[in-house]
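Per-entry structural report
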Amino acid sequence: MSRERRDVPSTEDLQPVAGGGLLDRRLFLKRGLILSGAGAMVLAADAHAGDDALPWMRKPGRGFSNYGQPSEQERRAIRWISANRTVPGNGVSWTPLHALEGIVTPSGLHFERHHNGVPEIPFERHQLLVHGMVKRPLAFSMADLSRYPMRSQMLFLECGGNSNSGWNKEPLQSRAGYLHGLVSCSEWAGVPLSIVLDEAGVDPQAKWLIAEGADAAAIHISIPLEKAMKDCMLALYQNGERIRPENGYPLRLIVPGWEGILNIKWLHRLELAREPVMARNETARYTELMPDGRARMFTFVMEAKSVITSPSPGETLPGRGLYEIRGLAWSGRGKIRRVEVSADAGRSWAPAQLQEPVLPLCFTRFRIPWNWSGAPAVLKSRAIDETGYVQPEREKLIAERGRNGYFHYNAIAAWQVEDDGEVTHVYR
Ligand SMILES: Nc1nc2c(c(=O)[nH]1)N[C@H]1C(S)=C(S)[C@@H](COP(=O)(O)O)O[C@H]1N2
Ligand SMILES: [Mo]
C-alpha cells in the first residue's frame, strides 16, 4: 500500500469566511484533501491485516432474505414514539433526522401521526368515493385507480405541530430528529387528483374538497379546490413500494408543501362542497390564537425551515479541527434558494453548499466546512426560499405570533458546542 501525495489544506483554504471558523463552502469539493485530525489512520507501507483478523471472510455469509432489514448494529436509528396514553392510537413518532444522510427518508422511519391508530384495510375491499357537487359521483376500487396514468414526485411531508417544543420557555434537550422530525421526505407515486376530479365533473360552484380517511377517527379536512386541482395526488406508492400501513395504505392524499393534516391517510371519500366542513382539525386544532385575540385559520403552507443534523444535540465532538456541518432545509412555497450557517450565534453568516438535486417542496441537503477552534460555539442555520422568505429568529417569530402558539413553529434552531465537544440545544 503506497501513500499518495495528497494536499493538506493550505493556509488560504483555512481562511474563515465568517466568524467561529466557517470555511468556504467549496473547500471539501477539492480533490485529495487531507483533513487533519478527522483523517483516516495512515498505515505503514506494508501493513495488511491478515484474514485471521476478519472471521467473516473465512466462511460463507448468511443467505438471502425476501425483504431486507437494516443492520442489527443500527438499532439506534429508530423513530421515537410519544403516544397519548388516554386515547388509544393517538400520538406521534419522530423521524431520527440526526441519524440519516441525503434527502430520502426510509419508509420504515417516516414519521407517524395517528389520531386513532393504524387501520388494517384489505386492498380488495378499499374504495374511493368521489361525490357531492359533481356531475357523476364515482367509486373506485384500488385496481380501477391503478389503471389511471400515474406520476411520482419527491416531497417533504410535515406535521403542522412539528418543532412545537420551540414554543416552550426552556429549550428541550433531545436529538435533532426528536425536536424537528415530524417531517420526512419520500418519493410519492400515484394518480394526479385533477384527472379523477375532471372525470367526476366538478360543479363550477364548488370551492372546497372535503377528504376523509377510513380510520376509526374518520379524520376529515377541507382543502381549497384550487390546490386540489393544481398539484395534489392520490398516492398508492411510497419510495417505490406500496404505501406502508402507518402512512396510509392502500391510498392517501398528498397535498404538496401544505400541513400534514391535509394529507389524509387511508383515503376513502372526497366530497366537493361550497364551504369548508369546519372539522375539529381545522377549528379547534391547527389554528392559532394571535396576540390581538383573533385566530389564524387555514394556514396551510409550511413555511421555510432548516435544521443542522450534524453536529447536533446528543453528539460529542472528539476534538477541534475540521468538520462538515450538515443539515436539511425545505419550504412549502417551492425551492430552497439559499441556506446560511452561523458558528457565532448569528453574528455572522456564510452560505452553505446546496447539494443537487434542489427540488421544489422537497428536502434540500446543505453542507459547509467548519474549523472548530475548540472554544464554545453556537451553530445556527437559516433557510431562504425562492420567494425570498427568510426563516426567522425565535424572538421575531414570538414577537409576531405571541406566546399562545402550538403549531407552525419554524424559527432558527441553535446548537451550542461546549469546549468539551458536547452539543446541546439552546435559545440564542
Ligand atoms: N385518516 C387520517 N389521516 C391523517 C391523520 C390521521 O390520524 N388519520 N393524521 C394527519 C396528520 S395530523 C399528519 S401530520 C399526517 C401524518 O402522516 P404520516 O403518519 O404518514 O407521517 O397525516 C394526516 N392524515
Ligand atoms: Mo399533523
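Cut-offs used in this document
Residues numbered from 1 in each chain as written. Chains lettered and ligands numbered in written order. Predicted model: local features only at pLDDT ≥ 70, side-chain atom pairs only at ≥ 80, totals over all residues. Heavy atoms only, no water. Helix = DSSP H or I, 4+ residues; strand = E, 2+ residues; numbered from the N terminus. Core = buried A, V, L, I, M, F, W, Y, C linked by side-chain atoms within 4.5 Å. Buried < 20%, exposed > 50% of the residue type's maximum accessible area, 1.4 Å probe, protein only. Contact = heavy atoms within 4.5 Å. Arc of directions from axis to C-beta. Polar contact = N/O pair within 3.5 Å; in protein donor to acceptor, adjacent residues only side chain to side chain. Pairing = 2+ DSSP bridges. Axes fitted to C-alpha atoms, helices over the stretch in contact; angles between N-to-C directions. pLDDT = per-residue confidence, 0-100. Near = heavy atom within 4 Å. Areas by Shrake-Rupley, 256 points an atom, 1.4 Å probe, with all protein chains shown as cover. Phe/Tyr/Trp six-rings, centres within 6.5 Å; stacked < 30°, edge-to-face > 60°. Lys NZ or Arg CZ within 6 Å of the ring centre and 35° of its normal. Salt bridge = Lys/Arg side-chain N within 4 Å of Asp/Glu carboxyl O. Domains from an automatic or database assignment. Buried area = accessible area lost by both parts, 1.4 Å probe. Nonpolar A, V, L, I, M, F, W, Y, C, P; charged D, E, K, R; others polar.

Notes on unusual backbone geometry
The step from Y249 to P250 runs through a cis peptide bond, and the omega angle for that step is 5°. Tracing the chain through its elements places P250 in the loop between β11 (241-242) and β12 (252-254). Cis geometry marks the peptide bond from S310 to P311; its omega dihedral reads -5°. Tracing the sequence through the fold places P311 in the loop between β16 (305-310) and β17 (321-330). For N239, which is not glycine, the phi torsion reads 50° and is therefore positive. Along the polypeptide, N239 turns up in the loop between β10 (233-238) and β11.

So, the nonpolar core
Judged by nonpolar contacts, the single largest core of 55 residues is most densely connected at L128, V130, L193, L234, L267, L270 and L272. With sequence-adjacent residues up to four places away left out, L128 is seen in contact with L138, A139, F140, M142, L234, L251, L267, H268, R269 and L270. Listed in part, the 41 residues of the second largest apolar core include F156, Y323, A413 and V417.

Regarding helix α6 (residues 394-401)
Each turn of an α-helix holds 3.6 residues, which means side chains three or four residues apart point in the same direction. Considered for burial, the residues of α6 that qualify are R394, L397, I398 and R401. For α6, the angular spread of buried residues about the axis comes to 95°, placing them on one side. Opposite the buried face of α6, at more than 90 degrees from it, the exposed residues are E395 and A399. The positive-phi residue at the C-terminal boundary of α6 is G402, with phi of around 80°.

A look at the side chain of K227
One can find K227 in helix α4 (residues 225-231). Residue classification places K227 among the buried positions, given a relative accessible area of 7%. Polar contacts involving the side chain of K227 include one to the main-chain carbonyl oxygen of P256, which spans 2.8 Å. Beyond its immediate sequence surroundings of up to four residues, K227 is in contact with C232, V255, P256 and W258.

Some points on the sheet that holds strand β13 (residues 267-273)
Pairing is mixed across the open sheet formed by five strands, whose spatial order is β5-β4-β13-β8-β9. In this open sheet, the two edge strands, each paired with only one partner strand, are β5 (138-141) and β9 (220-224). Sheet twist, expressed as the average angle between the axes of neighbouring strands with direction ignored, equals 15°. For strand β4 (residues 127-132) and β5, the ladder comprises four bridges, and the chain directions are antiparallel. The residue bridging L129 from the neighbouring strand is A139, located in β5. This element, helix α3 (residues 193-200), spans β4, β5, β8 (208-213) and β13 of the sheet and lies at about 140° to β5.

As for the confidence of the model for the protein
Low pLDDT means the predicted coordinates in that region are not meant to be read closely. In the predicted model, the protein carries a mean pLDDT of 93, and the fraction of residues at 70 or more is 94%. Confidence drops under pLDDT 50 across residues 1-6; counting only partners more than four residues distant or on other chains, this segment forms seven contacts.

Comments concerning the sheet that holds β16
Strands sit in the order β16-β17-β21-β20 across an open sheet of four strands; the sheet is antiparallel. Of all strands in the sheet, those with a lone pairing partner are β16 and β20 (353-354), marking the two edges. Relative to strand β21 (residues 364-372), β20 runs antiparallel, the two sharing two bridges. In the sheet register, Q353 faces β21, and the bridge partner there is R367.

So, the site of ligand 1
The full set close to ligand 1 counts 21 residues, and F111, H115, D215, R252 and K265 are the nearest of them. The contact in question runs from an oxygen atom of ligand 1 to an N or O atom on the side chain of H110, over 3.3 Å. For ligand 1, an oxygen atom lies 2.6 Å from a polar atom in the backbone of F111. For ligand 1, whose free accessible area comes to 530 Å², the fraction covered by protein is 100%.

A word on the packing of aromatic side chains
Evaluation of the coordinates by the stated rule reveals 12 aromatic pairs. Look at W167 and Y409: their rings are 5.2 Å apart centre to centre, the planes differ by 80°, and that puts the pair in the edge-to-face class. Placement of W167 in the loop between β6 (151-158) and α2 (176-180) and of Y409 in the loop between α6 and β23 (414-417) is noted, with a sequence separation of 242 residues between them. Here Y409 falls in the buried class, since its relative accessible area comes to 4%. Put simply, the rings of W208, W258, F298 and F300 touch in pairs and so form one group of aromatic residues. The lysine or arginine in question, R382, covers the ring of W349, its NZ or CZ lying 4.0 Å from the ring centre. Directly above the aromatic system of Y427 lies the positively charged group of R394, at a separation of 3.5 Å from the ring centroid.

Some remarks on the environment of T105
Among the structural elements, T105 can be located in the loop between β2 (91-94) and β3 (112-114). In this structure, the C-alpha to C-alpha distance between T105 and G402, residues 297 residues apart in sequence, is 33 Å. Ignoring sequence-local partners within four residues, the contact set of T105 consists of T95, L100, H110, S184, C185, S186, N239 and F363.

Points about the pattern of salt bridges
Counted by the stated rule, this structure contains 23 salt bridges. Where E212 meets R269, a salt bridge forms, and the shortest distance between an N and an O atom there is 3.2 Å. Of this pair, E212 sits in strand β8 while R269 sits in strand β13, placing them 57 residues apart in sequence. For K227, the salt bridge identified is with D231, shortest N-O distance 3.1 Å.

Details of the domain arrangement of the protein
One can read the domain layout of the protein as domain 1 (127-296) and domain 2 (305-426). Averaged C-alpha coordinates put domain 1 and domain 2 at centres separated by 28 Å. Tallying the contact residues gives 37 residues for domain 1 and 33 residues for domain 2. Interface of domain 1 and domain 2: buried area, both sides summed, is about 3,000 Å²; carbon and sulfur atoms make up 60% of it. Put simply, domain 1 and domain 2 have two salt bridges between them. Taken together, the links from domain 1 to domain 2 amount to 15 residue pairs in polar contact (both at pLDDT 80 or more). Looking at the side of domain 1 that touches domain 2, the elements with two or more residues in it are β6, α2, β7 (183-192) and β14 (288-289). Grouping the amino acids of the side of domain 1 that touches domain 2 by side-chain chemistry returns 15 nonpolar, 14 polar and eight charged.

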